[in-house]
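Observations on the model geometry
Spelled out, the chains give:
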Amino acid sequence: MGLLDTILGRSKPVRPDLDQLFGVPAAAITLQAGAGFTPTGAGSVCFASVEGGAFAQLQQDVRELLDADTGRGGTPVGFSEDAYGYTWLLARHPADEVSSLVNDLHAVNTLLEDGGFGPQLLCSVTGFQDAAGERRLFLVYLYKRGTFYPFAPIPGSAEKRDNALELQTRALLTDDLRIEPDLSRWFPVWGAPELGRR
């Protein structure tokens, strides 16, 4: 960064630190102990689709990589598009295999980044639920910020959030994850495929 950039207040964007995703398994233990939320085994990566053969081939590569263990009982990866035009890749693992799920999410982000599609990456989402399976909570990793925030939809409501639970979760996870300090960046992820699953 040059002197002129400093004077004008410009800064270079921070390079995303995908290794932050590996903090999710520890956060899962903290969430269970502190709030009674356990992993659902579902996680997803959201990105803006790009037209063209290179991106289509990269999507196929991602599918082949994550579907490699379906012959041994793994669940095939799914793709969906939300109402806003974003593409979601959904990966599923047994609920007690959070590390495997995180490895898949990390691999997808890395493949897209290495393929030159880092600017299209938006976020990664990991799902949790309470003991009754009624309340859900999501940890959202913002790719461009390298930070996490909680997202807690209110069950049975039309796009309303449980802000108290989100703030409680933030307080619980400050030692486990790099939490996004700017609350205006805690965007709702209504298009996440996990929202439509129980």
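The paragraphs below set out a description of the structure included in this document.

Analysis parameters
Residues numbered from 1 in each chain as written. Predicted model: local features only at pLDDT ≥ 70, side-chain atom pairs only at ≥ 80, totals over all residues. Heavy atoms only, no water. Axes fitted to C-alpha atoms, helices over the stretch in contact; angles between N-to-C directions. Helix = DSSP H or I, 4+ residues; strand = E, 2+ residues; numbered from the N terminus. Parallel < 35°, antiparallel > 145°, perpendicular 65-115°, else oblique. Left-handed = near helix turned anticlockwise from the far one by under 90°. Contact = heavy atoms within 4.5 Å. Core = buried A, V, L, I, M, F, W, Y, C linked by side-chain atoms within 4.5 Å. Buried < 20%, exposed > 50% of the residue type's maximum accessible area, 1.4 Å probe, protein only. Pairing = 2+ DSSP bridges. Expected span 1.5 Å × (residues − 1). Arc of directions from axis to C-beta. Polar contact = N/O pair within 3.5 Å; in protein donor to acceptor, adjacent residues only side chain to side chain. Disulfide = S-S within 2.5 Å.

**Examining the packing of helix α2 (residues 24-35) against helix α5 (residues 163-173)**
Relative orientation of the contacting elements α2 and α5 amounts to 120°, with a least axis distance of 10 Å. Considering the angle they form, α2 stands oblique to α5. Once α2 is placed against α5, the crossing between them reads as right-handed. Counting all contacts with α2, which are made through Ala-27, Thr-30, Leu-31, Gly-34 and Ala-35, the residues of α5 involved are Gln-168, Thr-169, Leu-172 and Leu-173.

**Some words on the nonpolar core**
Residues Leu-89, Phe-128 and Val-189 are the most contacted members of the largest nonpolar core, which totals 47 residues. Here the element with the most residues in this core is helix α4 (residues 98-117); it accounts for seven residues.

**So, the sheet that holds strand β3 (residues 86-92)**
Overall, antiparallel pairing links the six strands, which are arranged β2-β3-β1-β4-β5-β6 in an open sheet. Either end of the sheet is taken by a strand with one partner, and the two such strands are β2 (78-81) and β6 (147-151). Ignoring strand direction, the axes of neighbouring strands in this sheet form an average angle of 25°. In the packing of α4 onto the sheet, contacts are made with β1 (38-48), β3 and β4 (121-129), and the angle to β1 comes to roughly 10°.

**A look at α2**
An ideal rise of 1.5 Å per residue puts 16 Å on 12 residues; α2 measures up with 15 Å between its terminal C-alpha atoms. Of all the positions in α2, only Val-24, Ala-27, Ala-28 and Leu-31 are classed as buried. Down the axis of α2, the smallest arc covering the buried residues is 105°, so these residues share one side. Away from its buried face by more than 90 degrees, α2 exposes Ile-29 and Ala-33. The secondary structure elements touched by the buried residues of α2 are β1, α4, β4, β5 (136-142), β6 and α5. Trailing α2 by a residue or two, Gly-36 shows a phi angle of about 75°, which is positive.

**So, the side chain of Arg-161**
With respect to the element layout, Arg-161 can be found in the loop between β6 and α5. Of note is the side chain of Arg-161, whose polar atom sits 2.8 Å from the backbone oxygen of Trp-186.

**Here's the deal with the pairing of β1**
Consecutive residues of a regular strand have side chains that alternate between opposite faces of the sheet. Taken across its 11 residues, β1 has eight buried, putting it largely inside the fold. Taken together, the seven bridges between β1 and β4 define a ladder with antiparallel strand orientation. Paired with Cys-46 across the bridge in β4 is Cys-123. Judged from the seven bridges that link them, β1 and β3 form a sheet pairing that is antiparallel. When the sheet's bridge partners are listed, Val-45 is paired in β3 with Leu-89.

**Considering the state of the cysteines**
Note on terminology: a disulfide is the covalent bond linking the sulfur atoms of two cysteines. Within the structure shown, the criterion is met by zero disulfides. Free cysteine Cys-46: the closest other cysteine sulfur is in Cys-123, separated by 4.7 Å.

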